[in-house]
Amino acid sequence: MTKLSRNYLCWCGSGKKYKHCHLEEDEMLNELEDQGYFAPSRDVFKTEEQIEGIRTSGKLTKHILDMVEERIKAGVSTNEINSWVHEYTIQNGGIPAPLNYEGFTKSVCTSINNVICHGIPNDHEILKDGDIINIDVTTILDGYYSDASRMFIIGNASEKAVKLVNVAKECLYLGIGEVKPYKDMNSIGNVIGDYANKNGFSVVRDLCGHGVGIEFHEEPQVDHYRKNEKGLIMIPGMVFTIEPMINEGSYECNFLDDGWTVVTKDGGLSAQWEHTICVTKDGIEILTD
Ligand code: MF3
Ligand code: CO
Ligand code: CO
């Protein structure tokens, strides 16, 4: 990178002089790069206007999950949940992002018990007492994507299942607590991995969080397990998901022939919670809360 003169206009298009805009941040990033960390490419940052769009989309995603929370119960099929999400999204001016996404045929992902993620809603799968289920909603509103998921416990589940669901939620919020400007993104996976392992659980490695907002899946990749290496530096304006998948047994996955459904290899339970977040100047904003 050639060095931009202090008095030139900033590269970001703000119209401000470089010394009054991104100079200080660039110097800090250079220093961190010298220490072995990685700076994200400049095109991963969102503008204020884009973040506002993702925020509005995120509110709808939250309301969709609230709606599901009110209605979900034993006896309901995953296809009924799909219809609720589809109708509610359309009625509120949105588009369900999963529908026709790379061949996915439904408007929401419904992942029960040993299904880690990307379960496809259908008429034969009826929720029963003791099930745990992840509902993963991604909404496009005015062109902006937001992505969030929650677990639901149907009736009375085993103590182990309830613990798994709670630990997975705690993992999400521990990860969120690591988000700060100019900090190593790998610290998210480090705290999540350590906490899951401490509780006797494992963290899925084959699937990750992701940049989101203008597209469904963007750079960067967000890993949820401990990696003892220096990673990407988090910078204000980055928008990405944190969505740890926590397994009761081994972290290994099987990918089913339907092209989507991911299950635990050992048949154990799996739980996941997801938010879309934005790195801000002072820390973090959860955009799907
Ligand atoms: N919402 C999922 C995620 O968190 C992706 C689902 S892709 C789909 O990234 F096609 F299955 F919807
Ligand atoms: Co996601
Ligand atoms: Co999702």
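None of the values given here were measured: they were computed from a predicted structure.

(A) Layout of a negative patch on the surface. Together, Glu24, Glu27, Glu31, Glu33 and Asp34 make up a negatively charged patch on the protein surface. Position of Glu27 among the secondary structure elements: in helix 1 (residues 23-34). Since its relative accessible area comes to 41%, Glu27 is described here as partly exposed.

(B) Representation of the site of ligand 1 within the structure. Lining the immediate surroundings of ligand 1 are 14 residues, of which Asp147, His210, His217, Glu243 and Glu274 lie closest. In this structure, Asp147 approaches ligand 1 through a side-chain N or O atom, which is 3.0 Å from an oxygen atom. In this structure, His210 approaches ligand 1 through a side-chain N or O atom, which is 3.0 Å from an oxygen atom. Residues of the shell around ligand 1, tallied by class, amount to six nonpolar, four polar and four charged.

(C) Summary view of the environment of Tyr144. Counting through the fold element by element, Tyr144 comes out in strand 5 (residues 144-153). When the C-alpha atoms of Tyr144 and Thr56 are compared, they prove to be 8.5 Å apart, with 88 residues separating the residues in sequence. Among residues more than four places away in sequence, those in contact with Tyr144 are Glu49, Gln50, Gly53, Ile54, Ser57, Thr139, Gly213 and Ile214.

(D) Structural detail: the coordination of the cobalt ion (ligand 2). Protein coordination of the cobalt ion (ligand 2) is provided by Asp147 (OD), His210 (NE2), Glu243 (OE) and Glu274 (OE), with donor distances spanning 2.0 to 2.1 Å. Between the six donor atoms coordinating the cobalt ion (ligand 2), the angles at the centre fall across 51 to 162°, so the site counts as irregular. Taken as an interatomic distance, the gap from the cobalt ion (ligand 2) to the cobalt ion (ligand 3) is 3.3 Å; Asp147 donates to each of them. Highlighted residues: Glu243 in the loop between strand 9 (239-242) and strand 10 (245-247) and Glu274 in the loop between strand 13 (270-272) and strand 14 (275-279), separated in sequence by 31 residues. Each member of the pair, Glu243 together with Glu274, is buried.

(E) Seen up close, the sheet that holds strand 10. Spatial ordering of the open sheet is given by 6-10-13, a layout of three strands whose pairing is antiparallel. Across the chains shown, the open sheet's two edge strands, defined by having one partner strand only, are strand 6 (202-203) and strand 13. Pairing of strand 10 with strand 13, which is carried by three bridges, proceeds in the antiparallel orientation. When the bridges of strand 13 are listed, Asn247 appears paired with Ser270. Strands strand 10 and strand 13 of the sheet are contacted by helix 4 (residues 159-177), whose axis makes an angle of about 35° with strand 13.

(F) Just the nonpolar core, in detail. Within the largest apolar cluster, 34 residues are counted, with the highest numbers of intra-cluster contacts made by Val179, Ile188, Phe240, Ile242 and Ile246. Of all elements in the fold, only helix 1, helix 4, helix 5 (186-198), strand 9 and strand 14 reach the threshold of two or more residues within this core. Of the residues forming this core, the biggest block, eight residues, is contributed by helix 4.

(G) Quick peek at the coordination of the cobalt ion (ligand 3). The protein atoms donating to the cobalt ion (ligand 3) are Asp136 (OD), Asp136 (OD), Asp147 (OD) and Glu274 (OE), with metal-donor distances spanning 2.1 to 2.4 Å. Coordination at the cobalt ion (ligand 3) is irregular: its six donor atoms span angles of 58 to 169° at the metal.

(H) View of the packing of aromatic side chains. Taken as a whole and assessed by the stated rule, the structure comprises four aromatic pairs. Where Tyr101 meets Phe216, the ring centres are 4.5 Å apart and the plane angle is 45°; that geometry is what we call tilted. Here Phe216 lies in the loop between strand 7 (209-211) and strand 8 (218-222) and Tyr101 lies in the loop between strand 1 (95-96) and strand 2 (109-112), a separation of 115 residues in the sequence. Of the residues examined, Tyr101 reaches a relative accessible area of 21% and is grouped as partly exposed. Their ring planes at 35° and their centres at 6.0 Å tell us that Tyr145 and Phe216 sit as a pair that is tilted.

Procedures and definitions
Residues numbered from 1 in each chain as written. Chains lettered and ligands numbered in written order. Predicted model: local features only at pLDDT ≥ 70, side-chain atom pairs only at ≥ 80, totals over all residues. Heavy atoms only, no water. Patch = residues over 30% accessible without salt bridge, like charges linked within 9 Å, V, L, I, M, F, W, Y side chains within 5 Å. Areas by Shrake-Rupley, 256 points an atom, 1.4 Å probe, with all protein chains shown as cover. Salt bridge = Lys/Arg side-chain N within 4 Å of Asp/Glu carboxyl O. Lys, Arg positive; Asp, Glu negative; His and termini not counted. Charge placed at Lys NZ, Arg CZ, Asp CG, Glu CD. Helix = DSSP H or I, 4+ residues; strand = E, 2+ residues; numbered from the N terminus. Buried < 20%, exposed > 50% of the residue type's maximum accessible area, 1.4 Å probe, protein only. Near = heavy atom within 4 Å. Polar contact = N/O pair within 3.5 Å; in protein donor to acceptor, adjacent residues only side chain to side chain. Nonpolar A, V, L, I, M, F, W, Y, C, P; charged D, E, K, R; others polar. Contact = heavy atoms within 4.5 Å. Donors = N, O, S within 2.8 Å, 3.2 Å for Na, K, Ca; no water. Tetrahedral: all angles 85-135°; square planar, octahedral: opposite > 155°, others 65-115°. Pairing = 2+ DSSP bridges. Axes fitted to C-alpha atoms, helices over the stretch in contact; angles between N-to-C directions. Core = buried A, V, L, I, M, F, W, Y, C linked by side-chain atoms within 4.5 Å. Phe/Tyr/Trp six-rings, centres within 6.5 Å; stacked < 30°, edge-to-face > 60°.

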